[in-house]
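Report on the structure
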Amino acid sequence: MMKVSMTVNGTTYEHDVEPRTLLVQHLREDMGLTGTHVGCDTSSCGACTIIVNGETVKSCTLLAVQCDGAEIKTIEGMSTNGELHPIQESFREKHGLQCGFCTPGMVMSSWQLLERNPKPSEHEIRHAIEGNFCRCTGYHNIVKAVQDAATKL
Amino acid sequence: MYWLPQHCQSGSRRRHKTLGDTMSDLIGKSVKRVEDNRLLKGEGKYTDDFNMPNQAIGVYVRSPHAHANLVSVDISAAEAMGGVIKIFTGKDIKDAGIVGSICGWQVDFKNGDTMKEPGHPILAVDKVRHVGDAVALVIAEDKGTAVDAAAAVEVNYEVLDAIVDPKAATQDGAPQVHDDVPNNTIFDWELGNKDETDAAFENAHHVTELSYHNQKLVPNAIEPRAALAYFDSNDDKYTLYTTSQNPHLARLIIAAFVLSIPEHKLRVIAPDVGGGFGSKIFTYNDECGVLWASKQIGRPVKWTADRTEAFFTDCHGRDHVTDAKMALDADGNITGLRTKTYASLGAYLSNFSTCVPTYLHGTLMQGLYTSPAVHVDVTAVVTNTVPVDALRGAGRPEATFSIERLVDTAAREIGMDPAEFRLKNFIPPFDGVKQEGYQTQVALQYDSGNYEGALKKALKNADYENLKKERAAARSDGKLMGIGFSTYIEACGIAPSAVVGSLGARVGLYDAASIRVHPTGKVTLYVGAHSHGQGHETTFAQIVADSLGIGMDDVNVLHGDTENVPFGMGTYGSRSLAVCGSAIMKSVDKVKEKGARIAAHKLECTPEDLEFVSGSWTVKGTDKSVGFGDVCLTAYVPHDYPENEEPGLDFSSFYDPANFVYPFGAHICVVEIDKDTGEVKIIRYIAVDDAGNIINPMIVEGQVHGGVAHGIGQALYEGAVYDDSGQLLNASMLDYCIPRADNMPFFETDHTVTPCPHNPLGVKGIGEAGTIASTPAVVNAVIDALSDYGVKDLQMPLVPQRVWAAMQQAK
């Protein structure tokens, strides 16, 4: 077991973990932050996308021990005092979610895109979220939601 | 069997109001979804998000071989590992007298012989029959330990030849998947009029023929299947959290058939579910095994599939090998249609596997056309592949693909515009009220339709005349541009129960809704349908709030817990609004009837003197009225109350539909093909769908988008790839191509409204329409684009190398 410490959504957590523990497992099982989802085991689907030190990563590709001392934001940290973040609000407005399983990862990838490129084209949006699979929406309303969010941020 | 008179009933015909003409602002409005807040915040609760104190973790040991005798299973080393609680093998389950999951629909041979029904043990006993077949169940303190122990279980296999191809499986000498299923044939089946169809082809002026493999698809709901099971010995009660589209059916199958436990001692909870697309309809052995194991070890057990395990165990879809023919007369009228299909059901019969290639496929084979002769012949077989069952559309995409590919090909062959050819052959409009429903040659009676209306609107939205000019211009510039059509019909809300029972269904196909009106006028609605993306918490609240004249916030919709909701059949086959929505309306009507009696007492009149408008009962022609809230309070504080009236406003209703509902539509796909790479790019996608009355257009459009994307996936990207030994070569999301955002265009959606004449809301269904329509539209567009190369047909998926190779061969 190894001791790891990280700050997630403003709270510092310390745990002893097996070295093979994935970051997403650590978040879900040790911290109870189940908003981050696991949809595959090949880092393909993007449901586990979170923000580590300001960069979006698929949290199934990192070991918890690699993130000792990291500053992390998950979907649970996106809203403020119960109020949706503008990106979340746009997903709701534009019906950018159906079953909701891919949604936390989609919101995170959209956040990263808009951080780097506040006025993305449709093509740039589609490219930015191609690492996040959605089986429900055909991506139509997700792209619309990101376009809408870009006008608010 | 050529004709099924049971199907010909049209049921009660009633003219219903056009929704929204008298009511509040809720019907027909894109009300934002109630469920979104929790899902957006990461506060949705999916099965794997639940944990119980003292829970153990289950991991299945699965066969790496497609077909093998199980020589021995040695668990001794694995069981000795620290943290391992217990390991079960097939012998343990067999000794406990437990059979595996069952098939819920009996389809017998043409000659009347009973369908073959090989067993499907929870854990293999003497043989494995597909890669991923479960051999042992390891229970450990944590996932890591369970995975390590599963790897340490030593299984000795004697590998056998495997059979993958559905047609080859029927040949003498093919490897036998089950000893008691000769030639791997579960049944053969036919529908339609063989003699008339023979005659149509003998007298045909032109015959169009196609042969294809409607390839095997992997569902890939993004949430993998999972189960958390718990047995409470204090009251002998089981609880199962699971990823189900129909928790009551799961409870019935597990309790009555698989584990033989008292039904009232099993609670099944399907909380938020991360997509189903059919794959979570079925009661799988894996969940049953975990539930059984939880009692054996006296602790909660959790199992969550990893993605490759999902590829090996979630029921796949399609896998039809088909020869299809269409006969035409000299004027371009369709005179006959014939298909012969070999349908793989995989290694075992899943719950509804047998009805998919038959009653959900053959019955749709007339499409939207006045073909006077249709004959469908299906041989259903077992192969050494993952079981096959309903996947978004389930049989109807396969039927529509056959018809719509034939129609576009036939039009091209006789030199007629594909839109004109369709308009010439469409069944004329009928509303099911003034005009009778339309009786097809393959047993169904369509409820209402205006097929030319949908196509004409799609042609207008596409600006077809201009589009053809663009295509001509593109071609003269050396570009490959193609236009493809698909005009589809689908049958959803399968019903009535008596008819489906006569056709072999072992379940009823009604649904249920209970409404509990509280003293303060607030409402809790309990429904048998299950929402896993469809937005029922919103749509169902809209219809209740609208009907009772209360606010959306005054209605709470609960589903998914067998302890609370009435026995309903769940959500699949685009049935929720047409069937469960109708049950809701029945309960609402009961509330209004009783409410009127209470209101009449308060207003000192008779219920017949009253009308219910905007949430109040008003004496007709006066301003005397009493509000819904007042009546609710009176029902629960019955001091001044009608004589012989029970207190309370609490009703439950079941609704068994009179007929299927038949949505339809017209889709047009425009593609461009990269000459150098063969890559297909969809540049426009125009959809006009008719699902009857629409409650929430935003949700309906969202269903169309997702459905269309799923069908585009089949046309261009997806497909399970097996080698001859039965290995599934692309069993991961790295290898199996799921459509991504950069593969999709924006979709241009629109609708027409032809109300269903036989349900109270006048609604049809929309969950599968896009998938059914889009696959042939895309393939037709690609073939159109390649027409200068003389390419007449290509096998799906139309991946770049396949398209490129076709162009090179043509050169």
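Residues numbered from 1 in each chain as written. Chains lettered and ligands numbered in written order. Predicted model: local features only at pLDDT ≥ 70, side-chain atom pairs only at ≥ 80, totals over all residues.

Looking at the interface of chain A and chain B
Contacts between chain A and chain B engage 44 residues on the former and 42 residues on the latter. Among the elements of the structure, α2 (86–93), α3 (103–116), α4 (122–128) and α5 (140–152) of chain A are those that each provide at least two residues to the side of chain A that touches chain B. Per-class residue counts for the side of chain A that touches chain B are 17 nonpolar, 18 polar and 9 charged. (Contact = placed C-beta atoms within 7 Å. Helix = DSSP H or I, 4+ residues; strand = E, 2+ residues; numbered from the N terminus. Nonpolar A, V, L, I, M, F, W, Y, C, P; charged D, E, K, R; others polar.)

A few points about the nonpolar core
The nonpolar side chains of soluble globular proteins are, as a tendency, buried together. Of all hydrophobic cores here, the largest spans 308 residues; its most connected members are Ala136(B), Val138(B), Leu525(B), Val544(B), Ile584(B), Val778(B) and Val782(B). The element that contributes the greatest number of residues to this core is helix α15 (residues 576–603) of chain B, accounting for 11 residues. (Core = buried A, V, L, I, M, F, W, Y, C linked by C-beta atoms within 7 Å. Buried ≥ 20, exposed ≤ 12 C-beta atoms within 10 Å, placed from the backbone.)

A few points about the pairing of strand β27 (residues 680–690) of chain B
All names here are of chain B. The buried count for β27 comes to 9 of 11 residues, which makes it a mostly enclosed element. Two strands pair when backbone bridges link them, and strand β26 (residues 664–673) and β27 are joined in this way by 10 bridges, in the antiparallel orientation. Its bridge partner lying in β27, Glu 672 is registered against Lys 681. Between the antiparallel neighbours β26 and β27 lie 6 residues, among them Gly 678 with a positive phi of about 80°. For β27 and strand β28 (residues 748–751), the ladder comprises 4 bridges, and the chain directions are parallel. Pairing of Asp 689 across the sheet is with His 751, part of β28. In this fold, the crossover linking β27 to β28 by way of helix α17 (residues 697–716) has right-handed handedness. (Pairing = 2+ DSSP bridges. Right-handed = clockwise from strand over helix to strand, strands pointing away.)

Quick notes on the packing of helix α9 (residues 396–414) of chain B against helix α10 (residues 418–425) of chain B
Residues and elements named next belong to chain B. The geometry of α9 relative to α10 is characterised by a closest axis approach of 9 Å and an angle of 110° between their N-to-C directions. Here α9 is positioned roughly perpendicular relative to α10, judged by the angle of their axes. Considering how the two elements wind past one another, α9 and α10 form a crossing that is right-handed. Only Pro 418, Phe 421 and Arg 422 of α10 make contact with α9, whose side of the interface consists of Val 407, Asp 408, Ala 410 and Ala 411. A per-class count over the contact of α9 with α10 returns 5 nonpolar, no polar and 2 charged. (Axes fitted to C-alpha atoms, helices over the stretch in contact; angles between N-to-C directions. Parallel < 35°, antiparallel > 145°, perpendicular 65-115°, else oblique. Left-handed = near helix turned anticlockwise from the far one by under 90°.)

As for the domain arrangement of chain A
Residues and elements named next belong to chain A. Examined at the domain level, chain A breaks down into domain 1 (2–76) and domain 2 (86–152). Spacing between the C-alpha centres of domain 1 and domain 2 amounts to 22 Å. At the junction of the two partners, domain 1 supplies 14 residues and domain 2 supplies 11 residues. For the side of domain 1 that touches domain 2, the element with the highest residue contribution is strand β3 (residues 49–52), accounting for 3 residues. In the side of domain 1 that touches domain 2, the residues fall into 6 nonpolar, 8 polar and no charged. (Domains from an automatic or database assignment.)

Topic: the domain arrangement of chain B
Residues and elements named next belong to chain B. Split into domains, chain B comes out as domain 1 (16–44 + 510–655), domain 2 (51–160 + 224–273 + 280–313) and domain 3 (317–495 + 659–810). A straight line from the C-alpha centre of domain 2 to that of domain 3 covers 36 Å. Taken together, the 25 residues of domain 2 in the interface contact 23 residues of domain 3. Here the side of domain 2 that touches domain 3 is composed, by residue class, of 12 nonpolar, 9 polar and 4 charged.

Digging into the sheet that holds strand β12 (residues 301–304) of chain B
All names here are of chain B. Within the open sheet, the 7 strands sit side by side as β3-β5-β1-β12-β9-β10-β11. Their pairing is mixed. The open sheet terminates on both sides in strands that have one partner only, identified here as β3 (84–89) and β11 (266–269). Going from strand to strand, the sheet's axes swing by 20° on average, the running direction of each strand aside. Sheet analysis places strand β1 (residues 56–62) next to β12, joined by 2 bridges and oriented parallel. Pairing of Ala 56 across the sheet is with Val 301, part of β12. Across the face of the sheet, helix α6 (residues 247–258) comes into contact with β10 (237–242) and β11 while running at roughly 145° to β11.

Some points on the sheet that holds strand β13 (residues 317–328) of chain B
Residues and elements named next belong to chain B. With mixed pairing, 5 strands are arranged side by side in an open sheet as β7-β15-β14-β13-β8. Bordering the open sheet on either side are β7 (185–192) and β8 (206–217), each of which pairs with just one other strand. Here the strands of the sheet are splayed against their neighbours by 10° on average, with no regard to which way each runs. Strands β7, β8, β13, β14 (334–344) and β15 (374–381) of the sheet are contacted by helix α5 (residues 194–202), whose axis makes an angle of about 120° with β14.

A closer look at α6(B)
Residues and elements named next belong to chain B. By the criterion of burial, α6 is predominantly enclosed, with 9 of the 12 residues buried. Along α6, the residues that are buried comprise Pro 247, His 248, Leu 249, Ala 250, Arg 251, Leu 252, Ile 253, Ile 254 and Val 258. In this fold, the buried residues of α6 make contact with β10, β11 and α7 (285–297). Taken from the residues just after α6, Ser 260 is the one with a positive phi, measuring 50°.

Description of unusual backbone geometry
Residues and elements named next belong to chain B. Ala 495 connects to Pro 496 through a cis peptide bond whose omega is -10°. Mapped onto the fold, Pro 496 is located in the loop between β18 (480–489) and α13 (497–502). A cis amide bond links Met 796 to the next residue, Pro 797, at an omega of -5°. The residue Pro 797 is located in the loop between α18 (769–785) and α19 (800–810) in this model.

Details of the environment of Gly82(B)
Residue and element names in this part refer to chain B. Residue placement: Gly 82 occurs in the loop between α2 (76–79) and β3. A tally of 9 C-beta atoms within 10 Å means that Gly 82 is categorised as exposed. In sequence terms Gly 82 and Thr 145 are 63 residues apart; their C-alpha atoms lie 7.9 Å from each other.

Quick word on the environment of Gln703(B)
All names here are of chain B. With respect to the helices and strands, the residue Gln 703 is situated in helix α17. Linking Gln 703 and Glu 768, residues 65 residues apart in sequence, is a C-alpha distance of 7.8 Å. When neighbours within four sequence positions are excluded, Gln 703 is seen to be in contact with Ile 766 and Gly 767.

What about the environment of Val433(B)?
All names here are of chain B. Topologically, Val 433 is positioned in the loop between α10 and β16 (438–439). By C-beta crowding, Val 433 is classed as partly exposed, having 16 other C-beta atoms within 10 Å. When the C-alpha atoms of Val 433 and Gln 808 are compared, they prove to be 55 Å apart, with 375 residues separating the residues in sequence.

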